[in-house]
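Commentary on secondary and tertiary structure
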Amino acid sequence: MTTFDLMIRGGTIATASDVFQADIGIRDGRIVQIGERLASDGPVIDATGKYVLPGGIDSHVHISQPSGDGIVMADDFESGTRSAIFGGNTTVMPFCLQEKGRPMREALNAYHALAEGSCYTDVSFHLIVSDPTDTLLGQELSALAADGYASLKVFMTYEGLRLNDAEILKTLDVARSTGATVMVHCENEDAIRFLIARHEAAGDVAPRAHAATRPVAVEREATHRALTLAEIADVPIVIVHVSNGEAMEEISRARARGLKVVGETCPQYLMLTADDLDGMDWEGAKFVCSPPPRDKAAQADCWRGIETGVFDLFSSDHCPFRYEDERGKLNAKGRQSFRHIPNGIPGVETRLPILFSEGVMKGRIDLPRFVALSATNHAKTYGLYPQKGTIGIGADADLAIWDPSLTRRIRHADLHDGADYSPYEGIEVTGWPTTVILGGHVMIRDGELLGRKGQGRYRPARTRPVPST
Ligand code: DUC
Ligand code: ZN
Ligand code: ZN
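Below or above, wherever it landed, is the structure these notes cover.

Criteria and cut-off values
- Residues numbered from 1 in each chain as written.
- Chains lettered and ligands numbered in written order.
- Predicted model: local features only at pLDDT ≥ 70, side-chain atom pairs only at ≥ 80, totals over all residues.
- Heavy atoms only, no water.
- Helix = DSSP H or I, 4+ residues; strand = E, 2+ residues; numbered from the N terminus.
- Expected span 1.5 Å × (residues − 1).
- Buried < 20%, exposed > 50% of the residue type's maximum accessible area, 1.4 Å probe, protein only.
- Contact = heavy atoms within 4.5 Å.
- Donors = N, O, S within 2.8 Å, 3.2 Å for Na, K, Ca; no water.
- Tetrahedral: all angles 85-135°; square planar, octahedral: opposite > 155°, others 65-115°.
- Near = heavy atom within 4 Å.
- Polar contact = N/O pair within 3.5 Å; in protein donor to acceptor, adjacent residues only side chain to side chain.
- Areas by Shrake-Rupley, 256 points an atom, 1.4 Å probe, with all protein chains shown as cover.
- 1 Å grid on protein atoms, 1.4 Å probe; cavity = no way out; pocket = protein on both sides within 12 Å on 5 of 7 lines; lining within 4 Å.
- Sits in = over half its atoms within 2 Å of the grid points.
- Core = buried A, V, L, I, M, F, W, Y, C linked by side-chain atoms within 4.5 Å.
- Points joined across faces, edges and corners; volume = space filled by probe spheres on them.
- Nonpolar A, V, L, I, M, F, W, Y, C, P; charged D, E, K, R; others polar.

1. What to know about helix H7 (residues 216-233)
Over its 18 residues, H7 runs 26 Å from end to end, which matches the ideal 26 Å to within 8%, given 1.5 Å per residue. Buried within H7 we find Val 218, Glu 219, Ala 222, Thr 223, Arg 225, Ala 226, Leu 227, Leu 229, Ala 230 and Ala 233. Close packing links the buried residues of H7 with helix H4 (165-178), strand S11 (181-185), helix H5 (189-201), strand S12 (237-239), helix H8 (245-256) and strand S13 (261-265). Looking one or two places after H7, you find Asp 234, whose phi comes out positive at around 60 degrees.

2. Points about the coordination of the zinc ion (ligand 2)
Reference values for coordination geometry: four tetrahedral donors around a metal ideally subtend 109.5 degrees, six octahedral donors ideally subtend 90 or 180 degrees. Listed as protein donors to the zinc ion (ligand 2) are Lys 153 (NZ), His 185 (ND1) and His 241 (NE2); their distances from the metal cover 2.1 to 2.2 Å. Around the zinc ion (ligand 2), the four donor atoms are arranged such that angles at the metal cover 73 to 129 degrees; this shape is classified as irregular. Linear spacing of the donor residues for the zinc ion (ligand 2) on their chain is K-x31-H-x55-H. Between the two metal centres, the zinc ion (ligand 2) and the zinc ion (ligand 3), the spacing is 3.6 Å. With Lys 153 in strand S10 (residues 151-155) and His 185 in strand S11, this pair connects stretches of sequence that are 32 residues apart. In this pair, the class of Lys 153 matches that of His 185, namely buried.

3. A closer look at the site of ligand 1
Taken together, the residues surrounding ligand 1 are His 62, Phe 155, Tyr 158, His 185, His 241, Cys 289, Ser 290, Asp 317, Cys 319, Asn 343 and Gly 344. Between ligand 1 and the protein, one listed contact pairs an oxygen atom with a side-chain N or O atom of His 185 at 2.8 Å. Taken by itself ligand 1 offers 240 Å² of open surface, and the protein chains cover 96% of this. Spatially, ligand 1 is embedded in the largest pocket.

4. Side note on the environment of Ala 256
By the secondary structure assignment, Ala 256 is in helix H8. The sequence separation of Ala 256 and Ala 14 amounts to 242 residues, and the corresponding C-alpha distance is 31 Å.

5. Some words on the nonpolar core
Membership of the largest hydrophobic core comes to 99 residues, with the highest contact counts inside it found for Leu 127, Leu 141, Ile 237, Ile 239, Ile 306 and Phe 370. Broken down by element, this core gets its largest block of residues, seven residues, from H7. With residues near it in sequence (within four places) discarded, Leu 141 still touches Leu 127, Val 129, Leu 136, Leu 152 and Val 174. Ranked by size, the runner-up nonpolar core spans 18 residues in total, among them Met 93, Phe 95, Ala 150 and Val 240.

6. What about unusual backbone geometry?
If a residue is not glycine, its phi is most likely negative; likewise, a peptide bond is most likely trans. The omega angle of the peptide bond from Ser 290 to Pro 291 is -10 degrees, so this bond is cis rather than trans. Looking at the secondary structure, you find Pro 291 in the loop between helix H9 (268-271) and helix H10 (296-308). Residue Tyr 385 is joined to Pro 386 through a cis peptide bond whose omega torsion reads 5 degrees. By secondary structure assignment, the location of Pro 386 is in the loop between helix H12 (367-381) and strand S15 (399-409). One non-glycine residue, Asp 234, adopts positive backbone phi at about 60 degrees. Within the fold, Asp 234 resides in the loop between H7 and S12.

7. Looking at the layout of surface pockets
When its volume is computed, the largest pocket comes out at roughly 1,200 Å³. As for the largest pocket, its lining consists of 42 residues, of which Ser 67, Tyr 158, Glu 159, Arg 339 and Asn 343 are closest to the centre. Contributing elements (two or more residues each) for the lining of the largest pocket: S10 and H5. Of the residues forming the lining of the largest pocket, the biggest block, four residues, is contributed by H5. In this structure, the second largest pocket spans a volume of roughly 370 Å³. Those elements that place two or more of their residues in the lining of the second largest pocket are S12, S13 and H12. When its residues are assigned to classes, the lining of the second largest pocket shows eight nonpolar, six polar and four charged.

Following this line, the structure appears as C-alpha coordinates:
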(Lines give C-alpha, C1' and ligand atoms only; values in the text may rest on other atoms or scores of the structure.)
(Ligands and ions follow the chains in the order given, each with its own letter.)
Protein backbone atom coordinates (compact mmCIF):
# COMPACT_ATOMS: atom_id res chain seq x y z
CA MET A 1 0.00 0.00 0.00
CA THR A 2 1.16 3.52 -0.75
CA THR A 3 2.08 5.51 2.27
CA PHE A 4 1.62 9.22 2.25
CA ASP A 5 2.81 11.46 5.05
CA LEU A 6 -0.78 12.74 5.10
CA MET A 7 -3.89 12.08 3.07
CA ILE A 8 -7.01 14.26 2.77
CA ARG A 9 -9.95 12.02 2.02
CA GLY A 10 -13.45 12.65 0.72
CA GLY A 11 -13.45 16.43 0.31
CA THR A 12 -14.70 18.61 -2.52
CA ILE A 13 -11.62 20.14 -4.07
CA ALA A 14 -11.72 23.50 -5.84
CA THR A 15 -9.05 25.17 -7.93
CA ALA A 16 -9.35 28.39 -9.91
CA SER A 17 -10.80 26.35 -12.79
CA ASP A 18 -12.48 23.19 -11.44
CA VAL A 19 -14.51 21.68 -8.63
CA PHE A 20 -14.28 17.89 -8.14
CA GLN A 21 -14.35 15.14 -5.54
CA ALA A 22 -10.99 13.48 -4.90
CA ASP A 23 -8.47 12.44 -2.29
CA ILE A 24 -5.09 14.18 -1.95
CA GLY A 25 -1.87 12.37 -1.10
CA ILE A 26 0.94 14.43 0.45
CA ARG A 27 4.58 13.49 0.76
CA ASP A 28 7.62 15.58 1.73
CA GLY A 29 5.49 18.69 1.99
CA ARG A 30 4.09 18.49 -1.53
CA ILE A 31 1.01 17.11 -3.23
CA VAL A 32 2.07 13.87 -4.94
CA GLN A 33 -1.24 12.29 -5.88
CA ILE A 34 -4.82 13.38 -6.54
CA GLY A 35 -7.33 10.65 -7.28
CA GLU A 36 -10.40 8.65 -6.39
CA ARG A 37 -10.22 6.32 -3.40
CA LEU A 38 -6.49 6.64 -2.76
CA ALA A 39 -5.16 4.15 -0.22
CA SER A 40 -2.67 4.93 2.50
CA ASP A 41 -1.68 3.47 5.83
CA GLY A 42 -0.46 6.86 7.03
CA PRO A 43 -2.46 9.61 8.78
CA VAL A 44 -5.73 10.61 7.14
CA ILE A 45 -7.94 13.68 7.52
CA ASP A 46 -11.57 13.05 6.63
CA ALA A 47 -12.88 16.05 4.69
CA THR A 48 -16.28 14.63 3.84
CA GLY A 49 -18.80 17.46 3.49
CA LYS A 50 -16.01 20.06 3.43
CA TYR A 51 -14.27 22.08 0.74
CA VAL A 52 -10.55 21.54 0.23
CA LEU A 53 -9.08 24.75 -1.20
CA PRO A 54 -5.57 26.08 -1.80
CA GLY A 55 -4.37 27.89 1.31
CA GLY A 56 -5.10 31.58 1.00
CA ILE A 57 -2.37 33.93 -0.15
CA ASP A 58 -2.74 37.43 1.22
CA SER A 59 -0.43 39.48 -0.95
CA HIS A 60 -1.05 42.76 0.86
CA VAL A 61 -0.30 42.83 4.58
CA HIS A 62 1.73 45.17 6.75
CA ILE A 63 3.67 43.61 9.62
CA SER A 64 6.21 45.32 11.89
CA GLN A 65 6.44 48.22 9.48
CA PRO A 66 8.09 51.32 10.93
CA SER A 67 5.25 53.83 11.29
CA GLY A 68 7.04 56.90 12.68
CA ASP A 69 6.44 59.24 15.60
CA GLY A 70 6.15 56.75 18.47
CA ILE A 71 3.52 54.74 16.57
CA VAL A 72 3.89 50.95 16.65
CA MET A 73 2.13 48.46 14.44
CA ALA A 74 0.07 45.97 16.44
CA ASP A 75 1.42 42.87 14.73
CA ASP A 76 4.87 41.37 14.50
CA PHE A 77 5.54 38.29 12.39
CA GLU A 78 4.43 35.94 15.13
CA SER A 79 1.01 37.48 15.82
CA GLY A 80 0.40 38.56 12.21
CA THR A 81 1.04 35.14 10.70
CA ARG A 82 -0.78 33.38 13.56
CA SER A 83 -3.84 35.46 12.77
CA ALA A 84 -3.33 34.77 9.06
CA ILE A 85 -3.23 30.99 9.43
CA PHE A 86 -6.37 30.97 11.59
CA GLY A 87 -8.03 32.81 8.70
CA GLY A 88 -7.14 30.09 6.17
CA ASN A 89 -3.96 31.64 4.77
CA THR A 90 -0.73 29.76 4.20
CA THR A 91 1.31 32.56 2.61
CA VAL A 92 1.38 36.27 3.34
CA MET A 93 3.32 38.99 1.57
CA PRO A 94 4.31 41.90 3.82
CA PHE A 95 6.22 45.01 2.84
CA CYS A 96 9.84 45.75 3.56
CA LEU A 97 10.20 49.53 3.81
CA GLN A 98 13.40 51.17 2.58
CA GLU A 99 14.45 53.90 4.96
CA LYS A 100 15.29 57.16 3.23
CA GLY A 101 19.02 57.51 2.64
CA ARG A 102 19.65 53.83 3.34
CA PRO A 103 20.13 50.81 1.08
CA MET A 104 17.20 48.44 0.59
CA ARG A 105 19.41 45.52 1.64
CA GLU A 106 19.77 47.00 5.09
CA ALA A 107 15.99 47.10 5.55
CA LEU A 108 15.72 43.58 4.16
CA ASN A 109 18.31 42.18 6.54
CA ALA A 110 16.43 43.69 9.48
CA TYR A 111 13.09 42.43 8.15
CA HIS A 112 14.40 38.90 7.65
CA ALA A 113 15.75 38.93 11.19
CA LEU A 114 12.29 39.82 12.50
CA ALA A 115 10.61 37.07 10.45
CA GLU A 116 13.15 34.31 11.01
CA GLY A 117 11.81 31.64 13.34
CA SER A 118 8.60 33.57 14.04
CA CYS A 119 6.18 32.68 11.27
CA TYR A 120 3.15 30.37 11.18
CA THR A 121 2.69 30.92 7.43
CA ASP A 122 5.17 31.14 4.59
CA VAL A 123 6.18 34.70 3.72
CA SER A 124 7.50 36.48 0.66
CA PHE A 125 8.38 40.17 0.64
CA HIS A 126 7.46 43.22 -1.42
CA LEU A 127 9.87 46.17 -1.36
CA ILE A 128 8.63 49.71 -0.70
CA VAL A 129 10.71 52.16 -2.71
CA SER A 130 10.88 55.36 -0.65
CA ASP A 131 14.18 56.74 -1.93
CA PRO A 132 14.75 55.95 -5.62
CA THR A 133 18.43 56.85 -5.78
CA ASP A 134 20.58 56.10 -8.82
CA THR A 135 22.23 53.29 -6.86
CA LEU A 136 18.93 51.70 -5.92
CA LEU A 137 17.48 51.99 -9.42
CA GLY A 138 20.70 51.34 -11.32
CA GLN A 139 22.09 48.41 -9.35
CA GLU A 140 20.35 47.31 -6.19
CA LEU A 141 16.89 46.51 -7.52
CA SER A 142 18.10 44.26 -10.34
CA ALA A 143 20.29 42.28 -7.92
CA LEU A 144 17.36 42.01 -5.51
CA ALA A 145 14.96 40.89 -8.27
CA ALA A 146 17.35 38.07 -9.11
CA ASP A 147 17.47 37.17 -5.42
CA GLY A 148 13.70 36.69 -5.11
CA TYR A 149 12.45 40.18 -4.29
CA ALA A 150 10.34 40.57 -7.39
CA SER A 151 7.71 43.18 -6.47
CA LEU A 152 7.96 46.86 -5.62
CA LYS A 153 5.40 49.20 -4.09
CA VAL A 154 5.41 52.90 -4.81
CA PHE A 155 3.23 55.54 -3.14
CA MET A 156 1.68 58.65 -4.68
CA THR A 157 0.69 59.85 -1.20
CA TYR A 158 2.16 60.11 2.32
CA GLU A 159 4.79 62.66 3.15
CA GLY A 160 8.21 61.04 3.16
CA LEU A 161 7.00 58.15 1.05
CA ARG A 162 5.41 59.63 -2.07
CA LEU A 163 7.33 59.54 -5.32
CA ASN A 164 6.86 62.15 -8.03
CA ASP A 165 5.95 61.19 -11.59
CA ALA A 166 9.57 61.23 -12.78
CA GLU A 167 10.57 58.89 -9.95
CA ILE A 168 7.65 56.57 -10.65
CA LEU A 169 8.58 56.44 -14.34
CA LYS A 170 12.17 55.56 -13.48
CA THR A 171 11.00 52.82 -11.12
CA LEU A 172 8.63 51.44 -13.76
CA ASP A 173 11.49 51.44 -16.25
CA VAL A 174 13.61 49.35 -13.86
CA ALA A 175 10.66 46.97 -13.49
CA ARG A 176 10.48 46.66 -17.26
CA SER A 177 14.10 45.56 -17.51
CA THR A 178 14.20 43.35 -14.40
CA GLY A 179 10.73 41.77 -14.68
CA ALA A 180 9.74 43.08 -11.26
CA THR A 181 6.07 43.86 -10.65
CA VAL A 182 5.12 47.37 -9.51
CA MET A 183 2.18 47.98 -7.14
CA VAL A 184 0.95 51.55 -6.88
CA HIS A 185 -0.91 53.30 -4.05
CA CYS A 186 -2.97 55.81 -5.99
CA GLU A 187 -3.96 59.00 -4.15
CA ASN A 188 -2.96 62.55 -5.07
CA GLU A 189 -0.93 63.89 -2.14
CA ASP A 190 -1.07 67.57 -3.12
CA ALA A 191 -4.86 67.46 -3.38
CA ILE A 192 -5.07 65.72 0.00
CA ARG A 193 -2.87 68.35 1.65
CA PHE A 194 -5.01 71.11 0.18
CA LEU A 195 -8.17 69.50 1.59
CA ILE A 196 -6.57 68.79 4.98
CA ALA A 197 -5.62 72.46 5.34
CA ARG A 198 -9.18 73.48 4.44
CA HIS A 199 -10.77 71.09 6.97
CA GLU A 200 -8.34 71.92 9.77
CA ALA A 201 -8.87 75.65 9.20
CA ALA A 202 -12.60 75.05 9.67
CA GLY A 203 -11.95 73.10 12.89
CA ASP A 204 -13.17 69.91 11.26
CA VAL A 205 -10.65 67.52 12.80
CA ALA A 206 -12.64 64.40 13.80
CA PRO A 207 -11.96 61.02 12.14
CA ARG A 208 -14.73 61.53 9.56
CA ALA A 209 -12.64 64.30 7.97
CA HIS A 210 -10.11 61.64 7.00
CA ALA A 211 -12.59 60.37 4.39
CA ALA A 212 -13.60 63.89 3.35
CA THR A 213 -9.99 64.84 2.62
CA ARG A 214 -9.38 61.75 0.48
CA PRO A 215 -12.43 61.79 -1.81
CA VAL A 216 -12.94 59.57 -4.85
CA ALA A 217 -11.52 62.25 -7.17
CA VAL A 218 -8.18 62.07 -5.36
CA GLU A 219 -7.98 58.33 -6.02
CA ARG A 220 -9.43 58.48 -9.54
CA GLU A 221 -6.92 61.09 -10.72
CA ALA A 222 -3.95 59.23 -9.26
CA THR A 223 -5.18 55.93 -10.69
CA HIS A 224 -5.44 57.52 -14.12
CA ARG A 225 -1.96 58.98 -13.76
CA ALA A 226 -0.38 55.72 -12.57
CA LEU A 227 -1.95 53.83 -15.47
CA THR A 228 -0.78 56.48 -17.92
CA LEU A 229 2.77 56.32 -16.55
CA ALA A 230 2.74 52.52 -16.90
CA GLU A 231 1.49 52.89 -20.47
CA ILE A 232 4.30 55.32 -21.26
CA ALA A 233 6.90 53.09 -19.59
CA ASP A 234 5.34 50.08 -21.36
CA VAL A 235 5.15 47.82 -18.34
CA PRO A 236 2.37 45.93 -16.50
CA ILE A 237 1.14 47.44 -13.24
CA VAL A 238 -0.85 46.50 -10.13
CA ILE A 239 -3.35 49.05 -8.81
CA VAL A 240 -3.81 48.17 -5.14
CA HIS A 241 -6.72 48.74 -2.75
CA VAL A 242 -9.21 50.15 -5.25
CA SER A 243 -12.21 51.57 -3.38
CA ASN A 244 -14.75 52.76 -5.93
CA GLY A 245 -16.31 52.56 -9.38
CA GLU A 246 -14.58 55.59 -10.88
CA ALA A 247 -11.11 54.16 -10.24
CA MET A 248 -12.39 50.83 -11.62
CA GLU A 249 -13.43 52.60 -14.83
CA GLU A 250 -9.89 53.89 -15.22
CA ILE A 251 -8.61 50.32 -14.98
CA SER A 252 -11.11 49.06 -17.55
CA ARG A 253 -10.25 51.89 -19.94
CA ALA A 254 -6.51 51.23 -19.62
CA ARG A 255 -7.08 47.52 -20.30
CA ALA A 256 -9.10 48.44 -23.39
CA ARG A 257 -6.04 50.39 -24.59
CA GLY A 258 -3.99 47.23 -24.21
CA LEU A 259 -2.24 47.82 -20.89
CA LYS A 260 -1.75 44.84 -18.61
CA VAL A 261 -3.32 45.90 -15.31
CA VAL A 262 -3.91 43.81 -12.21
CA GLY A 263 -6.64 45.25 -9.97
CA GLU A 264 -6.93 44.65 -6.23
CA THR A 265 -9.70 45.43 -3.78
CA CYS A 266 -10.09 44.68 -0.07
CA PRO A 267 -12.81 43.76 2.47
CA GLN A 268 -13.15 47.31 3.78
CA TYR A 269 -14.46 48.50 0.41
CA LEU A 270 -17.14 45.79 0.37
CA MET A 271 -18.19 45.94 4.01
CA LEU A 272 -17.57 49.45 5.41
CA THR A 273 -18.60 52.98 4.46
CA ALA A 274 -17.37 56.46 5.40
CA ASP A 275 -20.25 56.60 7.90
CA ASP A 276 -18.28 54.15 10.04
CA LEU A 277 -15.74 56.94 10.61
CA ASP A 278 -18.40 58.96 12.45
CA GLY A 279 -18.44 56.65 15.45
CA MET A 280 -19.12 57.76 19.01
CA ASP A 281 -16.49 60.11 20.38
CA TRP A 282 -13.26 59.20 18.54
CA GLU A 283 -14.25 55.62 17.70
CA GLY A 284 -14.28 56.38 13.99
CA ALA A 285 -10.47 56.17 14.30
CA LYS A 286 -10.89 52.40 14.20
CA PHE A 287 -11.89 52.69 10.54
CA VAL A 288 -9.28 55.17 9.34
CA CYS A 289 -7.48 53.69 6.36
CA SER A 290 -6.44 54.94 2.95
CA PRO A 291 -8.14 55.02 0.57
CA PRO A 292 -11.09 55.39 2.95
CA PRO A 293 -14.28 53.33 2.74
CA ARG A 294 -16.82 55.16 0.54
CA ASP A 295 -20.61 54.71 0.25
CA LYS A 296 -23.12 51.95 -0.54
CA ALA A 297 -22.93 52.68 -4.29
CA ALA A 298 -19.14 52.26 -4.23
CA GLN A 299 -19.56 48.99 -2.31
CA ALA A 300 -21.91 47.74 -5.04
CA ASP A 301 -19.40 48.81 -7.70
CA CYS A 302 -16.61 46.91 -5.94
CA TRP A 303 -18.80 43.80 -5.76
CA ARG A 304 -19.37 44.17 -9.50
CA GLY A 305 -15.60 44.30 -9.95
CA ILE A 306 -15.24 41.13 -7.90
CA GLU A 307 -17.90 39.39 -10.00
CA THR A 308 -16.85 40.56 -13.46
CA GLY A 309 -13.07 40.45 -13.33
CA VAL A 310 -12.11 44.11 -12.93
CA PHE A 311 -10.43 42.79 -9.79
CA ASP A 312 -7.95 39.93 -9.92
CA LEU A 313 -6.88 40.14 -6.29
CA PHE A 314 -8.77 40.31 -3.03
CA SER A 315 -6.31 41.20 -0.25
CA SER A 316 -6.74 42.41 3.31
CA ASP A 317 -4.36 45.41 3.42
CA HIS A 318 -4.01 44.26 7.03
CA CYS A 319 -2.33 47.20 8.73
CA PRO A 320 -3.17 46.94 12.41
CA PHE A 321 -2.87 49.60 15.09
CA ARG A 322 -4.32 49.21 18.53
CA TYR A 323 -7.19 51.59 19.32
CA GLU A 324 -6.81 52.18 23.04
CA ASP A 325 -3.09 52.69 22.87
CA GLU A 326 -0.83 55.73 22.99
CA ARG A 327 1.26 54.08 20.28
CA GLY A 328 -1.80 53.40 18.11
CA LYS A 329 -4.95 55.10 16.91
CA LEU A 330 -5.46 57.19 20.06
CA ASN A 331 -1.97 58.61 20.32
CA ALA A 332 -1.79 62.09 21.85
CA LYS A 333 -1.67 63.88 18.48
CA GLY A 334 -4.27 61.54 16.93
CA ARG A 335 -6.79 62.84 19.44
CA GLN A 336 -6.17 66.39 18.19
CA SER A 337 -6.66 65.79 14.48
CA PHE A 338 -7.55 62.94 12.13
CA ARG A 339 -4.29 63.83 10.34
CA HIS A 340 -2.31 62.08 13.09
CA ILE A 341 -4.38 58.90 13.32
CA PRO A 342 -2.26 56.10 11.84
CA ASN A 343 -3.79 54.79 8.63
CA GLY A 344 -4.73 51.14 8.48
CA ILE A 345 -7.07 48.51 9.87
CA PRO A 346 -6.67 44.84 10.80
CA GLY A 347 -8.23 42.13 8.61
CA VAL A 348 -5.88 39.29 7.71
CA GLU A 349 -7.95 36.70 9.61
CA THR A 350 -11.37 37.87 8.43
CA ARG A 351 -10.58 38.46 4.72
CA LEU A 352 -11.45 34.98 3.49
CA PRO A 353 -14.47 34.23 5.71
CA ILE A 354 -15.98 37.55 4.59
CA LEU A 355 -15.44 36.81 0.88
CA PHE A 356 -16.63 33.22 1.29
CA SER A 357 -19.77 34.19 3.18
CA GLU A 358 -20.72 37.34 1.27
CA GLY A 359 -19.43 36.08 -2.08
CA VAL A 360 -19.81 32.30 -2.39
CA MET A 361 -22.62 31.66 0.08
CA LYS A 362 -24.68 34.57 -1.24
CA GLY A 363 -24.19 33.39 -4.84
CA ARG A 364 -22.20 36.37 -6.09
CA ILE A 365 -19.17 34.25 -7.08
CA ASP A 366 -18.51 30.55 -7.50
CA LEU A 367 -15.83 28.52 -5.75
CA PRO A 368 -13.25 28.73 -8.57
CA ARG A 369 -13.56 32.52 -8.60
CA PHE A 370 -13.13 32.52 -4.81
CA VAL A 371 -9.96 30.47 -5.18
CA ALA A 372 -8.64 32.74 -7.94
CA LEU A 373 -9.28 35.90 -5.91
CA SER A 374 -7.96 34.49 -2.66
CA ALA A 375 -4.93 32.47 -3.75
CA THR A 376 -4.20 31.58 -7.39
CA ASN A 377 -4.06 35.10 -8.84
CA HIS A 378 -1.81 36.27 -5.99
CA ALA A 379 0.67 33.48 -6.73
CA LYS A 380 0.56 34.24 -10.46
CA THR A 381 0.91 37.99 -10.04
CA TYR A 382 3.84 37.80 -7.65
CA GLY A 383 5.91 34.90 -9.00
CA LEU A 384 4.96 32.09 -6.62
CA TYR A 385 2.87 29.97 -9.02
CA PRO A 386 2.48 26.95 -9.42
CA GLN A 387 4.36 26.03 -6.25
CA LYS A 388 1.79 28.12 -4.39
CA GLY A 389 -1.83 29.02 -5.07
CA THR A 390 -3.21 25.80 -6.52
CA ILE A 391 -3.92 22.15 -5.86
CA GLY A 392 -1.84 20.18 -8.35
CA ILE A 393 0.81 17.49 -8.49
CA GLY A 394 4.10 18.93 -7.22
CA ALA A 395 2.55 22.01 -5.61
CA ASP A 396 3.28 22.76 -1.95
CA ALA A 397 0.73 21.01 0.26
CA ASP A 398 -0.74 24.33 1.45
CA LEU A 399 -4.42 23.64 1.98
CA ALA A 400 -7.41 25.06 3.84
CA ILE A 401 -10.33 22.78 4.64
CA TRP A 402 -13.50 24.85 4.83
CA ASP A 403 -16.66 23.94 6.69
CA PRO A 404 -19.38 25.65 4.62
CA SER A 405 -22.02 24.98 7.26
CA LEU A 406 -20.29 26.76 10.15
CA THR A 407 -21.89 30.07 11.03
CA ARG A 408 -19.94 32.43 13.29
CA ARG A 409 -20.22 35.99 14.43
CA ILE A 410 -16.93 37.86 14.08
CA ARG A 411 -15.68 38.89 17.53
CA HIS A 412 -12.23 40.30 18.05
CA ALA A 413 -12.00 38.27 21.24
CA ASP A 414 -11.94 35.13 19.06
CA LEU A 415 -9.31 36.41 16.61
CA HIS A 416 -5.55 36.06 16.94
CA ASP A 417 -3.95 39.34 15.86
CA GLY A 418 -2.25 41.90 18.06
CA ALA A 419 -4.89 44.62 17.65
CA ASP A 420 -7.60 45.28 20.24
CA TYR A 421 -10.58 45.46 17.89
CA SER A 422 -11.94 44.25 14.57
CA PRO A 423 -13.63 46.64 12.15
CA TYR A 424 -15.95 43.74 11.33
CA GLU A 425 -17.11 43.13 14.92
CA GLY A 426 -20.56 41.53 15.04
CA ILE A 427 -20.81 40.57 11.37
CA GLU A 428 -22.18 37.06 10.92
CA VAL A 429 -20.41 34.82 8.41
CA THR A 430 -21.16 31.34 7.14
CA GLY A 431 -18.16 29.20 6.21
CA TRP A 432 -14.85 29.09 8.06
CA PRO A 433 -11.49 27.37 7.42
CA THR A 434 -11.38 24.88 10.28
CA THR A 435 -8.25 22.92 9.29
CA VAL A 436 -5.19 24.52 7.69
CA ILE A 437 -2.17 22.66 6.35
CA LEU A 438 1.17 24.28 5.53
CA GLY A 439 3.70 22.27 3.52
CA GLY A 440 2.01 19.06 4.69
CA HIS A 441 2.05 20.11 8.38
CA VAL A 442 -1.33 20.40 10.08
CA MET A 443 -1.13 23.87 11.58
CA ILE A 444 -4.80 24.23 12.60
CA ARG A 445 -6.98 21.17 13.25
CA ASP A 446 -10.69 21.72 13.85
CA GLY A 447 -10.00 25.28 14.95
CA GLU A 448 -7.14 24.39 17.28
CA LEU A 449 -3.57 25.56 16.78
CA LEU A 450 -1.23 22.58 16.43
CA GLY A 451 1.55 24.25 14.46
CA ARG A 452 4.54 26.02 15.90
CA LYS A 453 5.98 29.41 15.03
CA GLY A 454 8.95 29.00 12.75
CA GLN A 455 7.22 26.38 10.61
CA GLY A 456 6.44 29.13 8.14
CA ARG A 457 9.40 30.00 5.97
CA TYR A 458 10.57 32.75 3.66
CA ARG A 459 9.86 32.01 -0.02
CA PRO A 460 11.65 33.89 -2.80
CA ALA A 461 9.52 35.06 -5.73
CA ARG A 462 10.27 34.91 -9.45
CA THR A 463 10.22 37.88 -11.82
CA ARG A 464 8.10 38.14 -14.97
CA PRO A 465 9.68 37.31 -18.33
CA VAL A 466 11.48 40.42 -19.60
CA PRO A 467 10.55 41.79 -23.07
CA SER A 468 13.35 41.64 -25.65
CA THR A 469 12.88 45.27 -26.75
N1 DUC B 1 -3.03 52.69 3.76
C2 DUC B 1 -1.89 52.29 3.21
O3 DUC B 1 -1.44 52.88 2.26
N4 DUC B 1 -1.24 51.28 3.72
C5 DUC B 1 -1.66 50.60 4.84
C6 DUC B 1 -2.95 50.92 5.35
C7 DUC B 1 -3.59 52.09 4.80
O8 DUC B 1 -4.62 52.52 5.26
ZN1 ZN C 1 -1.28 51.54 0.08
ZN1 ZN D 1 -1.31 48.67 2.33
